[in-house]
Amino acid sequence: MTIYAATIVDTPGDPFAGDPADALAEVGALCVREGVICARGTLAALAAEYPGEPVTRLDGGILVPGFIDTHVHFPQIRAIGGLGMPLLDWLEQCALPEESKLAEVAYAREVAGEFLDGLLASGTTSALVFGSHFAPAMDELFGAAGQRGLNITSGLVLSDRILRPDLLNTPETALADSADLIGRWHDRGRLRYAVTPRFSLSATDDMLDVCAQLLGKGVWFTSHINENVAEIATVAGLFPGARHYLDTYRRHGLVTERSVFAHNVHPDDAELATLAEHGASVAHCPTSNCALGSGLFPLRRHVEHGVHIALGSDVGAGAGLFLPKEALQAYFIQQLLGADGLALTPVHLLYLATRAGALALGLDDRVGDFAVGKDFDAVWLRPAPSSTLAVNLRQASDVTDALARVFALSTPADVAAVWLRGQRAAGQDPR
Ligand SMILES: [Zn+2]
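Residues numbered from 1 in each chain as written. Predicted model: local features only at pLDDT ≥ 70, side-chain atom pairs only at ≥ 80, totals over all residues. Heavy atoms only, no water.

Would you mind going over the overall build of the chain with me for this structure?
Check the secondary structure of the chain and you find 17 helices and 17 strands. For the chain, the spread of C-alpha atoms along the three principal axes comes to 65 × 50 × 35 Å. Sorting the 431 residues of the chain into buried and exposed places 59% on the buried side. Sequence separation of at least 24 residues holds for 75% of the intrachain contacts in the chain that already meet a minimum separation of 6. Accessible surface computed for the chain: about 15,200 Å², of which carbon and sulfur atoms make up 52%. Averaging the locations of the 31 positively and 50 negatively charged side chains of the chain gives two centres separated by 5 Å. (Helix = DSSP H or I, 4+ residues; strand = E, 2+ residues; numbered from the N terminus. Buried < 20%, exposed > 50% of the residue type's maximum accessible area, 1.4 Å probe, protein only. Contact = heavy atoms within 4.5 Å. Areas by Shrake-Rupley, 256 points an atom, 1.4 Å probe, with all protein chains shown as cover. Lys, Arg positive; Asp, Glu negative; His and termini not counted. Charge placed at Lys NZ, Arg CZ, Asp CG, Glu CD.)

Shown next as structure tokens:
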């Protein structure tokens, strides 16, 4: 057992449901037994309740729940920074040539390690990971994630048209390879499987039928939707019978409580109503949307329709793995939308980077905040004393003000330590 004493901040409530301030909680200490939080309170109270137990003091900075990234591509970790292109050009010129290289297992192994270590260095402890088109590469990702103790949901990417030929599979091989991977990895420790058609642009109705069969095995589902106007027009042409983009998935039973759709920058009201009706979630990817010029996310319309949203880094189109940067960019976008935007507070930003992701991934009984009974997945953000963030934290008037300064200024360099189910992750700076 260990008692952690720190400035501990989490969002057990929902800032979109009422006064955002009510969603925030601050506490001075947590007691962790076998990786699980068993008490929270003041240090004095916990030290009295558990006399003689070791106390770890995390002085300076703040301790927050591990970040939860609901949309990130592991085969693109080496393809960040391809600026100046819209989605379909970027895919063809930047992302997909790199993804092809994962056909080689040794290459995939290196990339998986770089990706997962990058997540940890950014304070991300749970992620819904868009996988590779190659099954052996998925074995590498799952194996390496299991070794590190990360909470990873991922799956083989499925496509049977339009993309470069080496990335295509048939519905038959997709079914067999995915079923094998589910058998090997789903619900093994902290690993889970997600059925992952790249997008309906590159998946025929036969392939989407296979996805429905696989989803029946009790796994998760993720894909892309409504990211870019040229993409949306192409999908409309490929599915003349569909009412809208979401309908290409809905017709196959793929819009469920276990479905997470990335982007949704250009939804119509019928799509938002359908997402809400089925309890599906949307992964908002702010830096990617800006980098590719995809558009300004209509967050207010999602909230008003009751669609659950969380954050995704969307690396490699996104500008890095650090979720606070995505949260800050989400804030910027809502500011730019003016009256159509939804002004986000620092409490919203922490919620979006943590508990909102846990809810989207159905992990809210395990992670996302520091409630008693949950896994101790945590990030200690502590800036170097001379940094501008440290200067600003010393000026913060209260914990909400401190959070605002953290979201404005923090970088992965401020990640002083990360815990996964109570285990300090290797490679962290023990300052
Ligand atoms: Zn993506």
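Continuing now.
Is there a simple way to explain the coordination of the zinc ion in this structure?
Note on metal sites: the ideal angle is 109.5 degrees for four tetrahedral donors, and 90 or 180 degrees for six octahedral donors. Distances from the zinc ion to its protein donors, namely H71 (NE2), H73 (NE2), H224 (NE2) and D314 (OD), fall within the range 2.0 to 2.5 Å. Given four donor atoms and angles of 88 to 171 degrees at the metal, the environment of the zinc ion is assigned as irregular. Here the donor residues of the zinc ion are spaced in sequence according to H-x1-H-x150-H-x89-D. With H71 in strand β6 (residues 67–73) and H224 in strand β11 (residues 220–225), this pair connects stretches of sequence that are 153 residues apart. (Donors = N, O, S within 2.8 Å, 3.2 Å for Na, K, Ca; no water. Tetrahedral: all angles 85-135°; square planar, octahedral: opposite > 155°, others 65-115°.)

I'm lost on the nonpolar core in this one. Help?
In globular proteins that are soluble, nonpolar side chains generally tend to be buried together. With 109 residues, the main nonpolar core has F74, F115 and Y249 as its most contacted residues. For this core, the element with the most residues is helix α4 (residues 105–121), which contributes eight residues. When residues no more than four places from it in sequence are discounted, the contact partners of F115 are V72, H73, F74, I77, V129, L141 and L321. Core analysis: the second largest hydrophobic core is formed by 16 residues, Y4, I37, A417 and W419 among them. (Core = buried A, V, L, I, M, F, W, Y, C linked by side-chain atoms within 4.5 Å.)

Would you mind going over the packing of helix α14 (residues 346–353) against helix α17 (residues 399–409) with me for this structure?
How two helices sit against one another is set out by the angle between their axes and by the gap between those axes. Running from N to C, α14 and α17 point in directions that differ by 60 degrees, and their axes come no closer than 8 Å. As summarised for this structure, α14 and α17 are arranged oblique, according to the angle between their axes. In the packing of α14 onto α17, the handedness of the crossing is left-handed. In contact with P346, V347, L349 and L350 of α14, α17 contributes T400, L403, A404 and F407. (Axes fitted to C-alpha atoms, helices over the stretch in contact; angles between N-to-C directions. Parallel < 35°, antiparallel > 145°, perpendicular 65-115°, else oblique. Left-handed = near helix turned anticlockwise from the far one by under 90°.)

What is the right way to read the packing of aromatic side chains from this model?
The geometry of an aromatic ring pair comes down to the distance between the two centres and the angle between the two planes. Enumeration according to the criterion identifies 14 aromatic pairs in this entry. When the ring of Y4 is compared with that of F376, the centres are 4.6 Å apart and the planes differ by 25 degrees; the resulting orientation is stacked. Note that Y4 is positioned in strand β1 (residues 2–10) and F376 in the loop between α15 (355–360) and β15 (378–381), a separation of 372 residues in sequence. Considering the side-chain rings of Y4 and W419, the 5.5 Å spacing of their centres and the 70 degrees angle between planes classify their relative orientation as edge-to-face. In this pair, Y4 is assigned in strand β1 and W419 in strand β16 (residues 415–420), connecting sequence segments 415 residues apart. Of the two residues examined, Y4 and W419, each falls in the buried class. Through a chain of ring-to-ring contacts, the aromatic side chains of Y4, F370, F376 and W419 assemble into a single cluster. Residue placement shows R78 over the ring face of Y107; its charged tip is 4.7 Å from the ring centre. (Phe/Tyr/Trp six-rings, centres within 6.5 Å; stacked < 30°, edge-to-face > 60°. Lys NZ or Arg CZ within 6 Å of the ring centre and 35° of its normal.)

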